[in-house]
Amino acid sequence: MSGGTHLENANPVIFQRSGERLLTATDEDEDVHDPIDDREIFDLIRSINDPEHPLSLEELNVVEQVRVMVNDAESTVGIEFTPTIPHCSMATLIGLSIKVKLLRSLPERFKIDVSITPGTHASEDAVNKQLADKERVAAALENSSLLEVVNQCLTTTRTT
C-alpha cells in the first residue's frame, strides 16, 4: 500500500472462484506419467493473496487459467497476469509472488516466465524486464522485508 492506508483500487471488482479440480484415480497413481498442465499451474497460483486486499488473485481476476501456458515436454511455464488498474504499484510484487510460488512448487527443470498481460499496465515493459531478470529476482529475495511480504502473499488464509 502506498501512503499509509490509502488503497490504489479501493473498490475492486470481485470475481467468482472457479471450482476445484476433480482428481481421478489416474491423477493419484504414481506409476502413471502425469504431465504438468495449465490447470495444475493455475491451481498453484490462484490462491495467492493480493498484497493490498484480503482477496486472492483469482477473485480479483489478476490470474486466469486461459493466461497460463505450459509445455511439459519443453519444461516451460508462461503466466500472464492482469493488474486491477493500469497504474498498479503492486504489479512487480504480484509478479514476484507468482514467480516465487512456482519456483518453490515446480521441479527445477522448468523455465518460468511471468509477465503482465500486454496492454494492461502503464509500466508493463519495465515490470516485465524486472521479472525476467534472474539477478534482480534473486536480489529481491535476499531482501528480508520484501521476502516477508512475498511470503504473506503466499500464505493460504482460506479453508475453502
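Looking up the protein chain in an unreviewed UniProt entry gives the name Cytosolic iron-sulfur assembly component 2B, with the organism given as Larimichthys crocea. Under the heading Sequence similarities (unreviewed entry), UniProt records this for the protein chain: "Belongs to the MIP18 family."

### A look at the pattern of salt bridges
Scanning the entire structure with this criterion turns up six salt bridges. Notably, a salt bridge pairs R46 with D43, separated by 3.2 Å at the nearest N-O pair. Overall, R46 belongs to the buried group, its relative accessible area being 3%. A salt bridge links E80 to R67; the shortest N-O distance between them is 3.4 Å. Here R67 lies in the loop between α2 (38-45) and β1 (68-71) and E80 lies in strand β2 (residues 76-81), a separation of 13 residues in the sequence. For R67, a relative accessible area of 27% translates into the label partly exposed. Each of R39, D43, R46 and E58 takes part in salt bridges that share partners, so that together they form one network.

### A short note on the environment of C88
In this fold, C88 is placed in the loop between β2 and α3 (91-105). On the accessibility criterion, C88 (8% relative accessible area) is buried. The spatial distance from the C-alpha of C88 to the C-alpha of S123 is 9.0 Å, given a sequence separation of 35 residues.

### Describing unusual backbone geometry
Even without a glycine there, the phi angle at N61 is positive, about 65°. Mapped onto the elements of the fold, N61 is located in the loop between α2 and β1. Owing to a relative accessible area of 24%, N61 belongs among the partly exposed residues under this scheme. The phi dihedral of S75 is positive, around 55°, even though this residue is not glycine.

### A few points about the packing of α3 against helix α4 (residues 124-132)
Put simply, α3 and α4 touch, their axes get as near as 10 Å, and they point 30° apart. What the angle tells us is that α3 and α4 run roughly parallel. Between α3 and α4 lies a crossing whose hand is right-handed. Residues A91, T92, G95, L96 and K99 of α3 form the contact with α4, whose participating residues are V127, Q130, L131 and A132. Of the residues assigned to the contact of α3 with α4, the class counts are five nonpolar, three polar and one charged.

### A few points about the sheet that holds β2
One open sheet accounts for three strands, arranged β1-β2-β3; its pairing is mixed. At either margin of the open sheet sits one strand with a lone partner, and together these are β1 and β3 (111-116). Within the sheet, the average angular offset between the axes of one strand and its neighbour, ignoring direction, is 10°. Both β2 and β3 contribute to a ladder of six bridges, which runs parallel. Within the sheet, the bridge partner assigned to F81 lies in β3 and is I116.

### Some points on the environment of T76
Mapped onto the elements of the fold, T76 is located in strand β2. Take T76: its relative accessible area is 29%, and that puts it in the partly exposed class. Once the C-alpha coordinates of T76 and D113 are considered, the two residues, 37 residues apart in sequence, prove to be 7.9 Å apart. Setting aside residues up to four positions removed in sequence, T76 forms contacts with M69, V70, N71, F110 and K111.

Each value, and the rule that gives it
- Residues numbered from 1 in each chain as written.
- Predicted model: local features only at pLDDT ≥ 70, side-chain atom pairs only at ≥ 80, totals over all residues.
- Heavy atoms only, no water.
- UniProt positions renumbered as here; feature names shortened; annotations may be inferred.
- Salt bridge = Lys/Arg side-chain N within 4 Å of Asp/Glu carboxyl O.
- Buried < 20%, exposed > 50% of the residue type's maximum accessible area, 1.4 Å probe, protein only.
- Helix = DSSP H or I, 4+ residues; strand = E, 2+ residues; numbered from the N terminus.
- Axes fitted to C-alpha atoms, helices over the stretch in contact; angles between N-to-C directions.
- Parallel < 35°, antiparallel > 145°, perpendicular 65-115°, else oblique.
- Left-handed = near helix turned anticlockwise from the far one by under 90°.
- Contact = heavy atoms within 4.5 Å.
- Nonpolar A, V, L, I, M, F, W, Y, C, P; charged D, E, K, R; others polar.
- Pairing = 2+ DSSP bridges.

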